[in-house]
Amino acid sequence: VLAGVSYGPGLELPAPEILRREFRAGHLAVFGEIDAAWLGEPLAGARLSPYWELSQATQVPVAVFTGLAPAGTSLRPCCTHYRATAARLQDVEEVLVRYPKLRVYLMQAGWPYKAETVALMQSYPELYADLGNLVGNAAIPREEFYDYLHALMRAGFGRRLMFGSGLSAQEWAANIAPRIEAIQSAPFLSDDERADIFYRNAERFLQPPAPSR
């Protein structure tokens, strides 16, 4: 299990120097998930810049929330600045340009912004994505999930998609089975492609890069 640090409504980040110590000590191994969009905060803004620099320098993987928050999020007191139409994928690109060695994956694979996600992953070959809350989510019809996943597979990203469940530890036991079944039952996936999505792609992405000589 790799522990991470989250940022979003009600969650503050520790100072960069504290986070650096936690990364070096192995107490934390992921920067994310980063839910800045829920606060209406740009990923490329000054608030997060020191953390992108730190994650790039330490080669810690970064998990960035993309796509849509649950219905009604902008009406909640925590998240009045959230907007479903905000250009968050454009924000991700700006971060990737500024920090080209950052190891980033898109949570929820950018759904429903299919064209933008394909363009971003095509332009940045080191960018990965997870299927997160798309898998087995009752609010997203199975047909829609399959259409989106199939489009990403057709675009050639089968070795850069990771499973992800979107579940908390408390929800896991009761809800993991249908999420696994959604991948197992996808008629357009081969056994090799399912293995890539379930674990091989994550194993490759999360493996720390070899030190340069």
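Use the structure listed above.
Only a predicted model underlies this, so the values are computations on that prediction, with no experimental measurement involved.

**Quick notes on the side chain of Thr73**
Next up, step 1: By secondary structure assignment, the location of Thr73 is in the loop between strand E3 (62-65) and helix H3 (88-98).
Next up, step 2: Judged by relative accessible area, which is 1%, Thr73 ranks as buried.
Next up, step 3: Polar side-chain contacts of Thr73 include one of 2.6 Å to the backbone oxygen of Pro70.
Next up, step 4: Those residues within four positions of Thr73 in sequence are excluded, and the remaining contacts are Trp38, Cys79 and Tyr82.

**Overview of the state of the cysteines**
In protein structure, a disulfide is the covalent linkage between the sulfur atoms of two cysteines.
Next up, step 1: Counted by the stated rule, this structure contains one disulfide.
Next up, step 2: In this model, Cys78 is linked to Cys79 through a disulfide, with the two sulfur atoms separated by 2.2 Å. Negative torsions about the S-S bond denote left-handed disulfides, and the value of about -80° found for Cys78 with Cys79 makes this one left-handed.
Next up, step 3: You can call Cys79 buried: its relative accessible area is 0%.

**What about the packing of aromatic side chains?**
Two measures describe an aromatic ring pair: the distance that separates the ring centres and the angle between the ring planes.
Next up, step 1: The final tally for this structure, using the stated rule, is eight aromatic pairs.
Next up, step 2: Taken together, a centroid distance of 5.7 Å and an interplanar angle of 90° make the contact between Tyr146 and Phe188 edge-to-face. Here the residue Tyr146 occupies a position in helix H5 (residues 142-154), and Phe188 occupies one in the loop between helix H6 (172-184) and helix H7 (191-206), the gap between them amounting to 42 residues.
Next up, step 3: When its relative accessible area of 14% is taken as the criterion, Tyr146 is described as buried.

**Here's the deal with the environment of Val64**
Next up, step 1: Relative to the helices and strands, Val64 resides in strand E3.
Next up, step 2: We classify Val64 as buried; its relative accessible area is 3%.
Next up, step 3: When the C-alpha atoms of Val64 and Ala86 are compared, they prove to be 14 Å apart, with 22 residues separating the residues in sequence.
Next up, step 4: Those residues within four positions of Val64 in sequence are excluded, and the remaining contacts are Ile34, Leu43, Trp52, Val92, Val104, Tyr105, Leu106 and Met107.

**Quick look at the sheet that holds strand E6 (residues 161-162)**
Next up, step 1: Spatially, six strands are ordered E1-E2-E3-E4-E5-E6 in an open sheet, and the strand pairing comes out parallel. Two strands bound the open sheet, and with one partner strand each, they are strand E1 (4-7) and E6.
Next up, step 2: Sheet topology places E3 next to strand E4 (residues 104-107); four bridges connect them, and they run parallel. Opposite Val62, over in E4, you have Val104 as the bridge partner.

Thresholds applied
- Residues numbered from 1 in each chain as written.
- Predicted model: local features only at pLDDT ≥ 70, side-chain atom pairs only at ≥ 80, totals over all residues.
- Heavy atoms only, no water.
- Helix = DSSP H or I, 4+ residues; strand = E, 2+ residues; numbered from the N terminus.
- Buried < 20%, exposed > 50% of the residue type's maximum accessible area, 1.4 Å probe, protein only.
- Polar contact = N/O pair within 3.5 Å; in protein donor to acceptor, adjacent residues only side chain to side chain.
- Contact = heavy atoms within 4.5 Å.
- Disulfide = S-S within 2.5 Å.
- Phe/Tyr/Trp six-rings, centres within 6.5 Å; stacked < 30°, edge-to-face > 60°.
- Pairing = 2+ DSSP bridges.

Treat this as a map of the structure, not an account of what it does.
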